[in-house]
Amino acid sequence: MGTDATYGSQRQLHFNLFIHDTGHHEASWRLPESDPHANLDLAYFQRLARIAEDAKFDSLFLADGPVLFGDPGRRPSGRLEPTVLLTALGVSTSRIGLIATASTSYNEPYNLARRFASVDHLSGGRAGWNIVTTAGDAAARNFGLEGQPLHKDRYARAAEFLEVSTKLWDSWADDAIVADKERGVHAEADKVRAIGHRGRYFEVEGALNVPRSPQGYPLLVQAGSSEDGKDFAARWAEAVFTAQPTIEEGQAFYADVKKRAVDFGRDPDHVKILPGIVPVIGATDREARELEEELDRLIAPEYARKQLATLLRVEPEQLAFDQQLPADLPPEEQIEGSKSRYTLIVELARREQLTVRELIGRLGGGRGHRTFTGTPARVADTIEHWFRSGAADGFNIMPAVLPSGLEVFVSDVVPILQERGLFRTDYTGATLREHYGLPRPSNQFLSSGTAEAAS
């Protein structure tokens with residue numbers, strides 16, 4: 001699909017580190033070397049951020065949701081608010097991007113646009129927003145609702161949320177602040193405008209109380225793979241985090257989203273597709289398998305079955321450990337939660353004829369993301385194959401165990417990819433958009449010939 005401008009004639013991989021407490025494997029916190037309190041330890045996050053930055057990763061990513069994550073007996077469930085944490089990490093790093101998840105269903109555009117503009121200013125242009133609509137009744141009940149809004153309504157609200165947010169980020173011209181002490185003028189008043197938005201979901205007068213940030217907008221990221229999610233990504237997203245367990249599914253998703261982007265009048269190279277990969281790495285294949293088997297032995301099956309039953313909308317007792325999934329699961333069109341994740345898991349189980357116990361083991365490593373167990377060279381080969389075969393522009397790196405899985409990936413896999421010319425050896429830009437080879441968005445009010453343009 002072309003080349004990344006940042007790197008000239010050769011496309012190169014983009015790597016994002018997805019930080020998930022002690023690692024993405026369900027049982028990583030139970031390993032002897034894991035710190036079960038790491039999810040609340042700033043020094044731990046700082047260490048991971050520095051390792052990723054030293055390796056020249058594009059960005060860090062923190063998932064989030066306005067609800068208790070799963071059963072607190074299963075694994076560390078406490079989650080620090082991600083924009084607060086990333087602001088702290090921004091102080092201890094200088095180049096790596098900082099992506100936080102925030103919901104359009106349970107926030108308001110003004111507050112959230114202000115928060116991300118603030119992070120972008122404080123980090124020197126390294127902020128990114130992973131836009132989610134938040135599935136599940138539990139989250140809805142934390143905000144006075146009886147249940148989650150319909151899937152289509154959540155995406156309709158999200159679209160208007162983005163429309164309002166971009167207006168707010170553009171409510172200041174880039175040259176509004178003149179700081180003219182002689183005239184006693186700090187900002188030109190005619191270059192700061194109310195947006196006067198009146199829509200189905202929001203009425204927002206504006207202007208934003210934060211000037212336009214270094215990137216114009218934070219990098220816009222999206223992680224849904226339903227039909228609505230793919231349309232939303234094609235319209236708004238500049239990076240797409242996705243779970244694709246096979247290369248064929250990855251290729252189909254990649255081609256679909258890129259085509260949809262073209263249909264929206266966008267450059268497909270400005271939508272980076274980053275599947276998740278959970279690498280379990282050993283010096284030999286046997287060593288890698290032994291680590292994977294040790295982790296799988298530590299999964300608490302009752303907790304995992306309860307989690308799976310919640311996702312599949314059935315009672316745990318309907319999922320017999322040594323039998324395949326029930327034949328009468330509800331179809332995707334009846335699912336109002338995480339539609340794409342539901343379909344991915346059901347299709348995985350059906351395709352490979354997995355028992356519930358086997359499915360729990362497969363999901364324990366990466367919740368449906370591509371898990372790969374092997375030597376550094378084999379992991380590098382897999383990454384290169386997906387990249388060159390039209391299945392990925394890069395990867396959301398999801399180490400099974402942290403920090404050791406990241407350390408091994410950085411020390412043993414990254415150099416192989418650098419030797420092949422597939423990954424940077426140094427940063428060539430300062431902002432997150434520059435890392436991804438993306439343009440800085442123009443101000444919509446200037447380009448539309450409004451009073452701001454005439455001033």
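Residues numbered from 1 in each chain as written. Predicted model: local features only at pLDDT ≥ 70, side-chain atom pairs only at ≥ 80, totals over all residues. Heavy atoms only, no water.

Chemist: Is there a simple way to think about the packing of helix α5 (residues 151–169) against helix α6 (residues 227–236) in this case?
Modeler: Geometry of a packed helix pair, given as the angle between the helix axes and the separation of the axes. Two elements in contact, α5 and α6, have axes separated by 10 Å at closest approach and are oriented at 10 degrees. One element, α5, and the other, α6, form an angle in the roughly parallel class. Every residue of α6 that contacts α5 at His 151, Lys 152, Tyr 155, Ala 158, Ala 159, Leu 162, Glu 163 and Thr 166 is listed here: Asp 228, Gly 229, Phe 232 and Trp 236. Taken together, the residues that form the contact of α5 with α6 break down as six nonpolar, three polar and three charged. (Axes fitted to C-alpha atoms, helices over the stretch in contact; angles between N-to-C directions. Helix = DSSP H or I, 4+ residues; strand = E, 2+ residues; numbered from the N terminus. Parallel < 35°, antiparallel > 145°, perpendicular 65-115°, else oblique. Contact = heavy atoms within 4.5 Å. Nonpolar A, V, L, I, M, F, W, Y, C, P; charged D, E, K, R; others polar.)

Chemist: Before we go on, may I ask you to explain the environment of His 435 in this structure?
Modeler: Along the chain, His 435 turns up in helix α14 (residues 432–435). The spatial distance from the C-alpha of His 435 to the C-alpha of Ala 349 is 37 Å, given a sequence separation of 86 residues.

Chemist: Can you walk me through unusual backbone geometry in this structure?
Modeler: Negative phi characterises most residues that are not glycine, and trans characterises most peptide bonds. A cis amide bond links Gly 206 with the next residue in sequence, Ala 207, at an omega value of 0 degrees. Residue placement: Ala 207 occurs in the loop between β8 (203–204) and β9 (219–222). Residues Leu 402 and Pro 403 are joined by a peptide bond in cis, for which omega reads 5 degrees. Within the chain, Asp 21 stands out as a residue other than glycine whose phi angle is a positive 30 degrees. For Asp 21, a relative accessible area of 3% translates into the label buried. The backbone of Lys 56 shows a phi angle near 70 degrees, a positive value even though the residue is not glycine. (Buried < 20%, exposed > 50% of the residue type's maximum accessible area, 1.4 Å probe, protein only.)

Chemist: Where do I start with the packing of aromatic side chains in this structure?
Modeler: By convention here, two paired aromatic rings are described through the distance between centres and the angle between planes. All told, the structure shown has 17 aromatic pairs when counted by the stated rule. Pairing Phe 161 with Phe 202 gives two aromatic rings, centres 5.6 Å apart and planes at 90 degrees, and the pair type is edge-to-face. Here Phe 161, found in helix α5, pairs with Phe 202, found in the loop between β7 (197–198) and β8; they are 41 residues apart in sequence, far enough to count as distant. With respect to burial, Phe 161 and Phe 202 carry one shared label: buried. Ring pairing ties together the aromatic residues Phe 116, Trp 129, Phe 161, Trp 169, Tyr 201, Phe 202 and Tyr 217, which thus form one cluster. Positioned above the aromatic ring of Phe 445 is the side chain of Arg 193, whose terminal nitrogen or guanidinium carbon lies 3.9 Å from the ring centre. Here the guanidinium or amino end of Arg 235 rests over the ring plane of Trp 236, the centre of that ring lying 4.0 Å away. (Phe/Tyr/Trp six-rings, centres within 6.5 Å; stacked < 30°, edge-to-face > 60°. Lys NZ or Arg CZ within 6 Å of the ring centre and 35° of its normal.)

Chemist: Help me understand the pattern of salt bridges in this model?
Modeler: Any two side chains of opposite charge can pair, on the condition that their charged atoms come close. Considering all chains together, one arrives at 30 salt bridges under this definition. Residue Asp 381 pairs with Arg 420 through a salt bridge whose shortest N-O separation is 2.8 Å. Of this pair, Asp 381 sits in helix α12 (residues 376–388) while Arg 420 sits in the loop between α13 (404–419) and α14; the two residues are 39 residues apart in sequence, bridging distant segments of the chain. The network of salt bridges with shared partners includes Glu 227, Lys 230, Asp 231, Asp 256 and Arg 260. (Salt bridge = Lys/Arg side-chain N within 4 Å of Asp/Glu carboxyl O.)

Chemist: How should the nonpolar core be read in this particular structure?
Modeler: Soluble, globular proteins show a tendency: their nonpolar side chains are buried together. In this structure, Phe 15, Phe 57, Trp 129 and Phe 409 are the most contacted members of the largest nonpolar core, which totals 69 residues. Apart from residues no more than four positions distant in its own chain, Phe 15 is found in contact with Phe 57, Asp 58, Ser 59, Ile 383, Phe 395, Ile 397, Phe 409, Val 414, Leu 417 and Phe 423. Formed by 22 residues, the second largest nonpolar core is a distinct cluster that contains Ile 299, Leu 308, Ala 309 and Leu 354. (Core = buried A, V, L, I, M, F, W, Y, C linked by side-chain atoms within 4.5 Å.)

Chemist: It is not clear to me how the pairing of strand β2 (residues 59–62) should be interpreted in this structure. Could you clarify?
Modeler: Sheet faces and side chains relate simply in a regular strand, where the side chains alternate between the two faces. Along β2, one buried face is formed by Ser 59 and Phe 61 and the opposite face, lined by Leu 60 and Leu 62, is buried too. Taken together, strand β1 (residues 14–19), helix α1 (residues 42–54) and β2 constitute a β-α-β crossover, and its handedness is right-handed. As paired elements, β2 and strand β3 (residues 97–103) share four bridges and run parallel to each other. Paired with Leu 60 across the strands is Leu 98, a residue of β3. (Right-handed = clockwise from strand over helix to strand, strands pointing away. Pairing = 2+ DSSP bridges.)

Chemist: Hey, could you run me through the side chain of Thr 133 in this one?
Modeler: Structurally, the position occupied by Thr 133 is in the loop between β4 (127–132) and α4 (137–141). A relative accessible area of 10% means that Thr 133 is categorised as buried. Here Thr 133 is in contact with Ser 103, Thr 104, Ser 105, Arg 154, Tyr 155 and Ala 158, once residues within four sequence places are set aside.

Chemist: What should I look at first to understand the confidence of the model for the chain in this one?
Modeler: Low pLDDT marks stretches whose predicted atomic positions should not be read closely. With 91% of its residues at a pLDDT of 70 or more, the chain has an overall mean of 89. Note on residues 1–9: pLDDT is under 50 here. Beyond four places in sequence and across chains, it has 23 contacts. Low confidence marks residues 448–455, where pLDDT is under 50. Its contacts with residues over four positions away, or in another chain, come to 15 contacts. (pLDDT = per-residue confidence, 0-100.)

Chemist: It is not clear to me how the pairing of strand β5 (residues 177–180) should be interpreted in this structure. Could you clarify?
Modeler: As defined by bridge partners, β5 adjoins strand β6 (residues 185–187) across two bridges and the pair is classed as antiparallel. Looking at the pairing, Asp 180 lines up with Val 185 of β6.

Chemist: Please clarify how the packing of helix α3 (residues 109–123) against α5 should be interpreted in this entry.
Modeler: α5 packs onto α3 with a crossing angle of 50 degrees between their chain directions and a minimal axis gap of 9 Å. Considered as vectors, α3 and α5 are oriented oblique to each other. Pair α3 / α5 crosses with right-handed handedness. On α5, the residues touching Pro 109, Tyr 110, Leu 112, Ala 113, Phe 116 and Ala 117 of α3 are Phe 161, Val 164, Ser 165, Leu 168 and Trp 169. (Left-handed = near helix turned anticlockwise from the far one by under 90°.)

Chemist: Even after reading the chapter, I still don't get helix α7 (residues 247–263), so can you show me in this structure?
Modeler: An α-helical turn contains 3.6 residues, so any two residues separated by three or four positions project in the same direction. Over its 17 residues, α7 runs 24 Å from end to end, which matches the ideal 24 Å to within 8%, given 1.5 Å per residue. Those residues of α7 that sit buried are Ile 247, Gly 250, Phe 253, Tyr 254, Val 257, Lys 258, Arg 260 and Ala 261. Down the axis, α7 shows its buried residues gathered within 160 degrees of arc, on one side only. Exposed residues pointing more than 90 degrees away from the buried face of α7 are listed as Glu 248, Lys 259 and Asp 263. Buried residues along α7 sit against α6, β10 (239–242), β11 (272–281) and α12. Residue Gly 265 follows α7 closely and has a positive phi angle near 80 degrees. (Expected span 1.5 Å × (residues − 1). Arc of directions from axis to C-beta.)

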